[in-house]
Amino acid sequence: MNWNSLQATQPVPIQLLKGSLVKEKLPHAFIFEGEEGTPKEEAAFHLAKAFLCINRQEAEPCQECPECRRIESGNHPDVMVIRPEGLSIKKAQVEQLQKEFTYKGMESEQKIYIVYQADTMTASAANSLLKFLEEPDGETLAVLLTDNLHFLLDTVISRSQVIHFSALQEEEKAEYFMSQGEGETVAALRAYLASEETLSNKEEPAAWIVQGRTLVIQLTEEVWKRPQQMLLTLQDKWLNHFIDRDDIQVGLDMFLYWYRDLLYTKLGHTKLAYPDQVERLQKEALYRKEQTIAWQMEAVLEAKRQLAANVNPQLLMERLLLRLQEGS
Ligand SMILES: [Zn+2]
């Protein structure tokens with residue numbers, strides 16, 4: 001992960017963070033605010049790396065120095081994490097952390113607090129944190145994460161820089177990918193695939209998506225018309241492209257959006273993840289009932305759950321294709 005991959009779904013907040021890093025103008029406290037599922041936590045830890053990295057290039061941490069590595073493995077002495085104990089974050093927890101910071105004879109002047117569900121801080125915990133931040137003893141940065149900005153104290157909000165994370169619409173994401181030079185068909189599908197991290201770790205994400213989507217299109221066609229071939233294609237091609245579990249989750253999403261497109265086509269929607277396949281989708285939709293397609297989507301979702309529960313991937317994919325074929 002890097003700022004670029006985070007920027008794919010969060011262009012505005014990430015641009016702001018990069019700007020403050022490059023200009024060396026960080027506030028005492030950030031509040032990362034946004035609904036559940038937005039990458040606030042990932043951004044906070046990437047910011048921690050950028051804050052402490054000894055080889056930072058512009059805004060980007062190197063990922064290789066001891067500081068970056070210790071943050072990655074979750075045991076950097078100058079990165080402190082606070083989470084609610086029970087229903088709230090209490091003053092004693094904040095004080096305990098501040099003591100630990102002092103005892104550790106810190107390696108540098110710079111330290112960072114990451115506070116989960118900051119809206120659960122009691123008033124005295126929040127005041128204790130803020131007082132500590134404002135003491136002029138070197139550079140301390142707090143990053144408060146919250147899904148509910150309006151539950152935070154006004155005194156906290158007014159002394160922090162609030163960064164809003166918003167869930168992007170698929171069209172906005174597709175536009176972003178196209179602005180990065182990706183073709184329309186890749187961008188349209190990529191916008192729907194949730195695992196941006198899996199994708200951005202590929203050497204050539206766009207090429208990987210193109211090959212993957214071709215295989216998914218081929219398999220859905222075989223499921224429909226040539227079921228005697230589908231298990232061979234799965235074995236020889238599909239499983240050689242979608243190799244580990246993260247890959248296969250992405251591959252299953254590609255299936256899911258194929259069948260969703262089929263349903264959309266049937267219902268007359270035009271916002272598709274496979275916009276170049278309209279003709280085939282229309283043909284296939286003629287042969288399907290809505291209920292059947294919904295059932296096929298459910299089969300894919302079930303496969304995703306089983307994959308997450310460690311079922312053998314090959315077995316799981318074979319079962320899925322057979323179920324999809326029953327529904328064809
Ligand atoms: Zn580094």
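Participant: Summarise the domain arrangement of the chain; cite the residues concerned and give the values.
Facilitator: According to the domain assignment, the chain contains domain 1 (3-164) and domain 2 (170-326). With centres defined by C-alpha atoms, the gap from domain 1 to domain 2 works out at 37 Å. Across the contact, five residues belong to domain 1 and five residues belong to domain 2. Three residues stand out in domain 1 for area buried against domain 2, namely S5, A8 and T9, and they jointly supply 76% of the buried area on that side. If you look at where domain 1 meets domain 2, you find zero salt bridges. Counting the contacts that link domain 1 with domain 2 gives zero residue pairs in polar contact (both at pLDDT 80 or more). For the side of domain 1 that touches domain 2, a count of residues per class yields one nonpolar, four polar and no charged.

Participant: Quick rundown of the environment of A191? Include the residues and the values.
Facilitator: Summarising the element assignment, A191 is placed in the loop between α9 (184-190) and α10 (196-200). For A191, a relative accessible area of 1% puts it in the buried group. Between the C-alpha atom of A191 and that of A43, which follows or precedes it by 148 residues, the distance is 20 Å. Here A191 is in contact with E170, K173, A174 and F177, once residues within four sequence places are set aside.

Participant: Describe the coordination of the zinc ion, listing the residues and the values that go with them.
Facilitator: Note on metal sites: the ideal angle is 109.5 degrees for four tetrahedral donors, and 90 or 180 degrees for six octahedral donors. Surrounding the zinc ion are the protein donor atoms C53 (SG), C62 (SG), C65 (SG) and C68 (SG), at 2.3 to 2.4 Å. Considering all four donor atoms around the zinc ion, the spread of angles at the metal, 102 to 119°, places the coordination shape in the tetrahedral class. Site description for the zinc ion: donor spacing in sequence, C-x8-C-x2-C-x2-C. With relative accessibility at 4%, the residue C65 sits in the buried group.

Participant: Describe the nonpolar core, listing the residues and the values that go with them.
Facilitator: W238, F255, Y259 and M317 are the most contacted members of the largest nonpolar core, which totals 44 residues. Top element by residues in this core is helix α13 (residues 245-267). It accounts for 11 residues. Residues contacting M317, with those up to four places away along its chain left out, are L234, W238, L239, I248, L252 and F255. Grouped together as the second largest cluster of nonpolar side chains are 25 residues, L21, I71, I114 and V143 included.

Participant: With reference to specific residues and values, describe unusual backbone geometry.
Facilitator: Even without being a glycine, Q117 presents a positive backbone phi close to 45°. Here N310, not a glycine, exhibits a phi torsion of approximately 75°, which is positive. Within the element layout of this structure, N310 appears in the loop between α15 (290-308) and α16 (313-326).

Participant: If you had to explain a negative patch on the surface to someone new, which residues and values would you point to?
Facilitator: Negative charge collects at one region of the surface, where E41, E42, E197, D244 and D246 lie side by side. Following the sequence through the fold, E41 ends up in helix α3 (residues 40-52). For E41, a relative accessible area of 40% corresponds to the partly exposed category.

Participant: Break down the sheet that holds strand β5 (residues 161-165) for me, with residues and values.
Facilitator: The five strands are arranged β2-β3-β4-β1-β5 in an open sheet whose pairing can be described as parallel. Of all the strands in the sheet, the pair left with one neighbour each is β2 (79-82) and β5. When strand polarity is set aside, the average angle formed by the axes of neighbouring strands in this sheet is 20°. As paired elements, strand β3 (residues 111-115) and strand β4 (residues 140-146) share five bridges and run parallel to each other.

Participant: So, the pattern of salt bridges: which residues are in play, and what are the values?
Facilitator: As enumerated under the stated definition, the model contains 14 salt bridges in all. E67 is the salt-bridge partner of R70, the closest N and O atoms lying 3.6 Å from each other. Of the two residues, R70 and E67 both sit in helix α4 (residues 66-72), three residues apart, roughly one turn of that helix. Between R260 and D261 there is a salt bridge, with its nearest N and O atoms 3.0 Å apart. Here R260 matches D261 in class, with each residue buried.

Participant: Any details on the packing of α15 against α16? Residues and values, ideally.
Facilitator: Following both chains from N to C, one finds α15 and α16 inclined at 170°, their axes separated by 9 Å at the closest point. Here α15 lies roughly antiparallel to α16, going by the angle between them. Across from W295, Q296, A299, V300, E302, A303, Q306 and L307 in α15, the residues of α16 making contact are P313, L316, R319, L320, R323, L324 and E326. The residue makeup of the contact of α15 with α16, split by class, is nine nonpolar, two polar and four charged.

Participant: So, the side chain of S88: which residues are in play, and what are the values?
Facilitator: Relative to the assigned elements, S88 resides in the loop between β2 and α5 (91-103). Residue classification places S88 among the buried residues on the basis of a relative accessible area of 18%. Contacts of S88, omitting those with residues within four sequence positions, involve Q93, T120 and T122.

Participant: Please set out the environment of I217 residue by residue, giving values where relevant.
Facilitator: Along the polypeptide, I217 turns up in helix α11 (residues 205-225). Taking the C-alpha atoms as reference points, I217 and C62, 155 residues apart in sequence, are found 39 Å from one another. In contact with I217, not counting residues within four places along its chain, are W258, Y274, Q277 and R280.

Scoring rules and cut-offs
Residues numbered from 1 in each chain as written. Predicted model: local features only at pLDDT ≥ 70, side-chain atom pairs only at ≥ 80, totals over all residues. Heavy atoms only, no water. Domains from an automatic or database assignment. Contact = heavy atoms within 4.5 Å. Buried area = accessible area lost by both parts, 1.4 Å probe. Salt bridge = Lys/Arg side-chain N within 4 Å of Asp/Glu carboxyl O. Polar contact = N/O pair within 3.5 Å; in protein donor to acceptor, adjacent residues only side chain to side chain. Nonpolar A, V, L, I, M, F, W, Y, C, P; charged D, E, K, R; others polar. Helix = DSSP H or I, 4+ residues; strand = E, 2+ residues; numbered from the N terminus. Buried < 20%, exposed > 50% of the residue type's maximum accessible area, 1.4 Å probe, protein only. Donors = N, O, S within 2.8 Å, 3.2 Å for Na, K, Ca; no water. Tetrahedral: all angles 85-135°; square planar, octahedral: opposite > 155°, others 65-115°. Core = buried A, V, L, I, M, F, W, Y, C linked by side-chain atoms within 4.5 Å. Patch = residues over 30% accessible without salt bridge, like charges linked within 9 Å, V, L, I, M, F, W, Y side chains within 5 Å. Areas by Shrake-Rupley, 256 points an atom, 1.4 Å probe, with all protein chains shown as cover. Lys, Arg positive; Asp, Glu negative; His and termini not counted. Charge placed at Lys NZ, Arg CZ, Asp CG, Glu CD. Pairing = 2+ DSSP bridges. Axes fitted to C-alpha atoms, helices over the stretch in contact; angles between N-to-C directions. Parallel < 35°, antiparallel > 145°, perpendicular 65-115°, else oblique.

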